Amino acid sequence: MALMTWHGMNAHSVNTIKSNNKRIRRFFTKKKQYSCGMVKVFAISDVHTDYKENLAWIESHCQEVRGLDLGQSTSQEQEERVLIVAGDVSDDLDIFRTTFEHLVSAYHHVFFVTGNHELWVRKKDRTRYDSLGKLREIVRICDDLGVKTRPTKVSEQVWIVPMWSWYHASWDKEPDIPGAYPIERVMMDFHACDWSSQPHVRASGDDSLAVYFDGMNGREYVEALDQIKRDRLESGVFVVSFSHFLPHQELLPEKRWLFYPNLAKAAGSDYLARRVEELQPDCHVYGHTHFTQDQKIQGTETRFVQWPLGYPKEMKRRRNGGLGWSPIMLWDTKDGHSPQRSSYWSDFYRNNDRKAHIVTPAPYVSVKSSSPSSVSMKVHIK
């Protein structure tokens, strides 16, 4: 999500829905042999390297990670590091490329799915592409750098499954907070994204965008699902899926706790939820809301993790000002699953029932409908 900060959007036509999907999917066909050695799987989301502080953090982190290889003796078994990046890197393609150049220099396998920020199209670029045309450019950059955007078995024991998705308002099944400001008026996507090449998809009002993005999980996803089922029967595997958006509303705090209660109308996808339920991964990583979470929800054994770098102000609010913060490790070959980590909202819902029927805002939330600025903004939510 993002607050509106710039305008001036002129639509244009690019390609049909069929050719869009074909051009994107053609990058998903390369196969690579998986590792038989030691593997560690890490995850992060919402790195927002448009902020110079965040890009500097990426540079420093990657330098530190590369140093681990220098300290490894030749007699030691090579350790391969896997990094999942669950969307929202940058809307600037040069910064996007630079960010991943750093990451692929430090990690043996880097995975990515787009968030909403990547698909903003600024006025100066509107004659080049719309948001779907920009997505093709993003996938091309990923392909050039070796960043993986399709399901891949990275070792004998580990599958990583990217899931493409977009949000739709009908995903929100909980009662509204009276007077809450419409999310379309405060979230940047509804002004910065351009879907003009596809007249049949709409930014709001229906689920057509969610259906479109879900359709990108095509043949490659089906083939991976079949192979994962076979692997589970033969030897057992650790499966991590990831998306930018949320599969379940239980992963979002109740509306009464949110400074923007209508966030749920632009946060998740039922189509994504069905993919996750079908796959039944050991872990699903997501992003978007900038709430650090590591939890299980009722009715599933899947561990759900959001581990955002976030905005610089959010980083400073962490313990010790964020000093020592790093991507979360989900798995390593030696010890298997990593233990769940403590976080505010995950701990809260481990100890408290969800009471979505309560529509009275929390005392610290000021909900007014006159203007976006009238809504209290103590928390920066994209």
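Remember, it's a predicted structure, so these values are computed and weren't measured experimentally.

Of the two faces of strand β3 (residues 109-112), the one holding H109 and F111 and the one holding V110 and F112 are both buried throughout. Following the backbone out of strand β2 (residues 79-85), through helix α3 (residues 93-106) and into the adjacent parallel β3, one traces a crossover that is right-handed.

Bringing the nonpolar core into the picture now. The biggest cluster of nonpolar side chains holds 73 residues, and the ones touching the most others in it are I160 and F213. Among the elements that take part in this core, helix α4 (residues 131-145) stands out by supplying six residues, more than any other. With 31 residues, the next largest nonpolar core counts I228, L251, L263 and W345 among its residues.

What follows deals with the sheet that holds strand β6 (residues 238-242). Across the sheet, which stays open at both edges, the six strands sit in the order β4-β5-β6-β7-β9-β8 with mixed pairing between neighbours. Edge strands, defined here as strands with exactly one partner in the open sheet, are β4 (152-153) and β8 (293-295). Bridge count between strand β7 (residues 283-286) and strand β9 (residues 303-306): four bridges; the pairing is parallel. Bridge pairing in β9 links Y286 to Q306.

What follows concerns the layout of surface pockets. One simple way to see leftover space: roll a probe sized like a water molecule over the atoms. The volume enclosed by the second largest pocket comes to roughly 460 Å³. What lines the second largest pocket is a set of 21 residues, among which E250, K296, I297, Q298 and G299 lie closest to the centre. Sorting the residues of the lining of the second largest pocket by element identifies α9 (270-279) and α11 (344-351) as the ones contributing at least two each. In the lining of the second largest pocket, the residues fall into four nonpolar, ten polar and seven charged.

Relative placement of two packed helices is described by the angle separating their axes and the distance separating the axes. Running from N to C, α3 and α4 cross one another at 25°; their axes reach a closest spacing of 10 Å. Between α3 and α4, the angle falls in the class roughly parallel. Every pair of crossing elements has a handedness; the one defined by α3 and α4 is right-handed. Residues L93, F96, R97, F100, E101 and V104 of α3 form the contact with α4, whose own contacting residues are K134, E137, I138, R140, I141, C142, D144 and L145. For the contact of α3 with α4, the class distribution of residues is eight nonpolar, no polar and six charged.

Calculation criteria
- Residues numbered from 1 in each chain as written.
- Predicted model: local features only at pLDDT ≥ 70, side-chain atom pairs only at ≥ 80, totals over all residues.
- Heavy atoms only, no water.
- Buried < 20%, exposed > 50% of the residue type's maximum accessible area, 1.4 Å probe, protein only.
- Helix = DSSP H or I, 4+ residues; strand = E, 2+ residues; numbered from the N terminus.
- Right-handed = clockwise from strand over helix to strand, strands pointing away.
- Core = buried A, V, L, I, M, F, W, Y, C linked by side-chain atoms within 4.5 Å.
- Pairing = 2+ DSSP bridges.
- 1 Å grid on protein atoms, 1.4 Å probe; cavity = no way out; pocket = protein on both sides within 12 Å on 5 of 7 lines; lining within 4 Å.
- Points joined across faces, edges and corners; volume = space filled by probe spheres on them.
- Nonpolar A, V, L, I, M, F, W, Y, C, P; charged D, E, K, R; others polar.
- Axes fitted to C-alpha atoms, helices over the stretch in contact; angles between N-to-C directions.
- Parallel < 35°, antiparallel > 145°, perpendicular 65-115°, else oblique.
- Left-handed = near helix turned anticlockwise from the far one by under 90°.
- Contact = heavy atoms within 4.5 Å.

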